[in-house]
Amino acid sequence: MNNIAENIQSICNQLNKNVQLIAVSKLKPCSDIMEAYNAGQRLFGENYVQELVEKYPQLPKDIQWHFIGHLQRNKVKYIIDFVSCIQGIDNENLLKEVDRQANKHNRVVDCLLQFHIAQEETKFGFTFEEAQQMLQNTNFANLQHIRICGVMGMASFTNDNNKITQEFKQLKIYFDSLKQNYFADKNYFKEISMGMTNDFAIAQQEGSTMVRIGSAIFGKR
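Residues numbered from 1 in each chain as written. Predicted model: local features only at pLDDT ≥ 70, side-chain atom pairs only at ≥ 80, totals over all residues. Heavy atoms only, no water.

(A) Structural view of the packing of aromatic side chains. This structure, assessed with the given rule, holds eight aromatic pairs. Their ring planes at 0° and their centres at 4.2 Å tell us that Phe-183 and Phe-189 sit as a pair that is stacked. Phe-183 gets classed as buried once you look at its relative accessible area, which sits at 5%. Following the ring pairs from residue to residue traces out a cluster consisting of Phe-115, Phe-126, Phe-128 and Tyr-174. Against the face of Tyr-37 rests Arg-42, its NZ or CZ located 3.6 Å from the ring centre. The lysine or arginine in question, Lys-61, covers the ring of Tyr-56, its NZ or CZ lying 4.8 Å from the ring centre. (Phe/Tyr/Trp six-rings, centres within 6.5 Å; stacked < 30°, edge-to-face > 60°. Buried < 20%, exposed > 50% of the residue type's maximum accessible area, 1.4 Å probe, protein only. Lys NZ or Arg CZ within 6 Å of the ring centre and 35° of its normal.)

(B) Looking closely at the pairing of strand β5 (residues 109–115). Here β5 lies mainly inside the structure; six of its seven residues are buried. Bridge count between strand β4 (residues 85–89) and β5: three bridges; the pairing is parallel. Bridge assignment links Cys-85 to a residue of β5, and that residue is Asp-110. Handedness of the crossover is the feature at issue here: the chain leaves β4, passes through helix α4 (residues 92–104), returns alongside β5, and the resulting connection is right-handed. Relative to strand β6 (residues 146–153), β5 runs parallel, the two being bridged by seven bridges. Its bridge partner being in β6, Phe-115 is matched across the sheet by Gly-153. (Helix = DSSP H or I, 4+ residues; strand = E, 2+ residues; numbered from the N terminus. Pairing = 2+ DSSP bridges. Right-handed = clockwise from strand over helix to strand, strands pointing away.)

Right, here's the structure in full:
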């Protein structure tokens, strides 16, 4: 296993210029995160609220934290004052709570809508119909402290590359439709977060703008 800086460089060499690398640092110590930081990495993804709350004070404040795990509404308040992006918005009530808590801190927080594109039932996310209903609801226009910047999804955990490709294609279709029908005049609606260590090459081919990579940078957990 190469060191963390070399791993980051190797991955960046494989990414298109328009694809951002989110270094997934869950269950890894702050010393590992600092190695990545010192190599120039600034975007990090965490899955667990308590872990992120503990790490945040110990690390440089120019890190942009992306929360990529399943977020419970009652835990939004613990990260809302410093998180850069919440990628796992998987239901309308969660989005409303993010807006409510962000209002308290006079912030506008970037969010991605998470869609259920995989076959596994354990994955979270909107159906396309649910997302449409939310965006068409007049209440959505009243949410002034969130900014929907794009979509996020996880492919099935499988060795079937054709299956993974089709699932990523589906997420791109969702993105294109939402962009055309709800965000045509919003330049910030531009992100498609898909692709992890085992499938980011496929995701990139299918239009990903953000890849979430952990074990290829930090090693196995």
